[in-house]
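Residue-level structure breakdown
As a plain string of letters, each chain reads:
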Amino acid sequence: MQYYPPLSVLVEAKDAGMMVRTLAERRLGVSRKLLSRLKLTERGITVNGQRVYVNDRVQEGDLVELRMEQERSDDILPEPMALDIVYEDADLLIVNKPPGIVVHPTHGHYTGTIANGVVHHWRECGEIVRFRPIHRLDEDTSGLVAIAKTPYVHQQLSEQLQAGEVYKSYVAYVYGAPPASAGTVDEPIDRDPESPHVRIVTPSGYPSVTHYETAAVYGDGIASKVKLKLETGRTHQIRVHMKHIGCPLIGDAMYGFAAPERLADGLPKLEGLVARQALHAAVLGFTHPIRREWMQWEASLPEDLSSLETALAKQDFGR
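Residues numbered from 1 in each chain as written. Predicted model: local features only at pLDDT ≥ 70, side-chain atom pairs only at ≥ 80, totals over all residues. Heavy atoms only, no water.

**Details of the overall build of the chain**
Heads up, the rule is: To qualify as a helix, a DSSP run of H or I must reach at least 4 residues; to qualify as a strand, a run of E must reach at least 2; elements of each kind are numbered from the N terminus. Working definition: with a 1.4 Å probe on protein chains only, accessible area under 20% of the residue-type maximum means buried, over 50% means exposed, and in between means partly exposed. Residues are treated as being in contact if the distance between any of their heavy atoms lies within 4.5 Å. The accessible surface values rely on the Shrake-Rupley method and a 1.4 Å probe; as for residues, cover is taken only from the protein chains in view. Asp and Glu count as negative and Lys and Arg as positive, but His and the ends of the chain are not part of the count. Every charge is mapped onto a representative atom, which is NZ of Lys, CZ of Arg, CG of Asp or CD of Glu.
Scanning the chain from terminus to terminus reveals 7 helices and 16 strands. Overall, the C-alpha framework of the chain stretches about 75 × 40 × 35 Å when taken along its three principal axes. Within the chain, buried positions represent 49% of all 319 residues. Considering only contacts within the chain whose residues lie at least 6 apart along the sequence, 67% involve residues at least 24 apart. Carbon and sulfur atoms make up 47% of the accessible area of the chain, which totals about 15,600 Å². Each charge class in the chain was averaged separately, 35 positive and 42 negative side chains, and the resulting centres sit 5 Å apart.

Written out as structure tokens, the structure is:
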């Protein structure tokens with residue numbers, strides 16, 4: 001059996017007499033679910049090199065080590081792919097996803113996904129790693145995606161995500177201009193009962209919060225560039241919230257709207273400037289689960305959105 005490098009804790013005086021389970025939870029934040037997995041393997045939990053039970057107690061100076069069994073994504077077909085890898089170490093992989101590609105295989109998308117390319121990349125590098133995305137982006141949204149390489153890193157980042165401690169900033173190009181230069185959309189979101197693939201703002205939905213800042217306004221309010229930060233991560237959240245305030249994303253086939261009369265002339269031309277919703281996950285930041293330090297990455301605009309911005313700045317609306 002092969003293991004990833006161990007998570008180690010040197011027992012201090014204040015921790016003497018503590019159970020292994022408690023020490024792992026308090027010092028490393030290891031979940032009970034992960035501890036249950038570790039105790040089933042021969043070298044999963046050791047003290048001074050000897051296998052122990054989670055209820056055993058430790059003494060000052062003991063070296064406690066937790067080892068996770070190496071895993072592969074055997075259900076994902078490796079596929080050569082040009083990946084834009086922004087960052088990679090033994091624990092994490094950050095990829096800048098292009099538009100038009102799915103993050104993880106689903107029904108109808110068994111190949112051609114980011115997962116297929118990443119699994120191939122790891123095998124080429126000789127790494128035994130299972131594909132564990134921390135979050136996902138819609139097929140036609142570009143930008144940064146974080147992928148954990150071990151169960152512990154996945155658990156830690158998932159908890160940061162749930163606690164709102166992961167910084168995610170997006171750039172969007174929308175019709176019209178938001179009602180204020182900066183603001184917050186705090187509106188619950190859930191599935192549309194008439195169309196399960198679509199999300200809507202509804203009082204019975206899940207809490208959803210999006211902060212926005214208007215970066216530029218084009219053509220006397222025909223369109224805007226907006227920077228957005230998420231507090232929650234609901235499916236299609238930005239697209240739904242921007243539509244809710246009357247500023248749907250340019251190119252958004254699902255959440256677009258019939259433009260008001262003053263935008264009617266610009267609508268067809270703007271739709272023709274980009275072949276997908278104009279949304280890019282530009283900045284991603286969180287505390288590295290192993291290094292315990294804040295790390296942040298940025299992905300520049302892809303070519304299609306850069307061209308869209310240029311056309312908007314020139315007010316080239318086809319009039």
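**A few points about the pairing of strand β15 (residues 279-287)**
Stated formally: Paired strands are those between which DSSP finds at least two bridges.
Along β15, 8 of the 9 residues are buried, which leaves the element largely enclosed by surrounding structure. Taken together, the 6 bridges between strand β9 (residues 167-175) and β15 define a ladder with antiparallel strand orientation. Across the sheet, Lys168 pairs through a bridge with Leu284, a residue of β15. Here β15 pairs with strand β16 (residues 294-298) via 5 bridges, running antiparallel. When the sheet's bridge partners are listed, Leu284 is paired in β16 with Trp297. Connecting β15 to the antiparallel partner β16 that follows it, the hairpin turn spans 6 residues, and Arg292 within it adopts a positive phi of roughly 60°.

**Details of the environment of His288**
Tracing the backbone through its elements, the reader meets His288 in the loop between β15 and β16. Given a relative accessible area of 0%, His288 falls into the buried group. C-alpha separation for the pair His288 and Leu157, spaced 131 residues apart in sequence, amounts to 8.2 Å. Excluding its chain neighbours within four sequence positions, the residues that come into contact with His288 are Tyr87, Asp89, Asp91, Leu92, Glu293 and Met295.

**Observations concerning the packing of aromatic side chains**
Definition in use: Pairing of aromatic rings covers Phe, Tyr and Trp, the last counted by its six-membered ring, and requires centre-to-centre distances within 6.5 Å; plane angles under 30 degrees mean stacked, over 60 mean edge-to-face, and any other angle means tilted.
Across all of its chains, the model carries 2 aromatic pairs by this definition. Taken together, a centroid distance of 5.4 Å and an interplanar angle of 45° make the contact between Tyr87 and Trp297 tilted. Remark: Trp297 occurs in strand β16 and Tyr87 occurs in strand β5 (residues 85-88); sequence separation between them is 210 residues. Accessibility assignment for this pair places Tyr87 and Trp297 in one class, buried.

**Some remarks on the pattern of salt bridges**
Our working rule: Just to be clear on terms, a salt bridge is a Lys or Arg side-chain nitrogen sitting within 4 Å of an Asp or Glu carboxyl oxygen.
Summed over the entire model, instances satisfying the criterion amount to 17 salt bridges. Lys149 is paired through a salt bridge with Glu88; the nearest N and O atoms lie 2.8 Å apart. Placement of Lys149 in the loop between β8 (142-148) and α4 (151-162) and of Glu88 in strand β5 is noted, with a sequence separation of 61 residues between them. A single network of salt bridges, built from pairs that share partners, joins Glu12, Lys14, Asp15 and Arg27.

**Describing the nonpolar core**
Basically, it comes down to this: In this description, a nonpolar core means a group of buried Ala, Val, Leu, Ile, Met, Phe, Trp, Tyr and Cys residues linked to one another through side-chain atoms lying within 4.5 Å.
Among the nonpolar cores identified, the biggest contains 29 residues, and Val118, Phe131, Ile147, Tyr170, Leu228, Ile238 and Met242 are the most heavily contacted of them. For this core, the elements supplying multiple residues, two or more each, are β6 (92-97), α3 (114-124), β8, β9, β14 (223-230), α5 (237-244) and β15. Here this core takes 5 residues from α3, the largest share from any one element. Beyond its immediate stretch of four places on either side in the chain, Val118 contacts Leu83, Leu93, Val95, Phe131 and Ile147.

**Observations concerning the sheet that holds strand β1 (residues 7-10)**
Put simply, the rule reads: Whenever a helix is involved, its axis is fitted only over the stretch in contact; in every case the axis is a line through C-alpha atoms, and angles between N-to-C directions fall within 0 to 180 degrees.
A sheet is described by the order of its strands in space; here 4 strands give the open sequence β1-β4-β2-β3, paired in antiparallel fashion. Only two strands of the sheet have a single partner each, and these edge strands are β1 and β3 (50-51). Helix α1 (residues 20-28) rests against β1, β2 (45-47) and β4 (63-66) of the sheet, and its axis sits at about 105° to β1.

**Section: empty space enclosed by the protein**
The condition that has to hold: In this analysis the probe radius is 1.4 Å and the grid spacing 1 Å, with only protein atoms considered; a cavity is a set of points the probe fits into but cannot get out of, a pocket is an open set with protein on both sides within 12 Å along at least five of seven lines, and lining residues have an atom within 4 Å of a point. Grid points are joined across faces, edges and corners, and a volume is the space filled by probe spheres set on the points. As a working rule, the residues Ala, Val, Leu, Ile, Met, Phe, Trp, Tyr, Cys and Pro are called nonpolar, Asp, Glu, Lys and Arg charged, and the rest polar, with Gly in that last group.
Within the structure shown, the criterion is met by 1 cavity of 30 Å³ or more. Roughly 40 Å³ of internal volume is contained in the largest cavity. Along the walls of the largest cavity sit Arg72, Ser73, Val119, Trp122, Arg123, Glu127 and Val129, which together make up its complete lining. Counted by class, the lining of the largest cavity contains 3 nonpolar, 1 polar and 3 charged residues.

**A few points about α5**
Summarising burial for α5: 6 of the 8 residues are buried, a large majority. Inspection of α5 places Gln237, Ile238, Arg239, Val240, His241 and Met242 among the buried residues, and these make up the whole buried set. Positive backbone phi, at 85°, marks Gly246, one or two positions downstream of α5.

**Describing α1**
Buried within α1 are the following residues: Val20, Thr22, Leu23, Ala24 and Leu28. Residues of α1 that are buried in the fold lie against β1, α2 (32-38), β2, β4 and α4. Immediately downstream of α1, the backbone of Gly29 shows phi near 70°, a positive value.

So, to be careful, I would describe these as geometric facts and stop short of saying anything about function.
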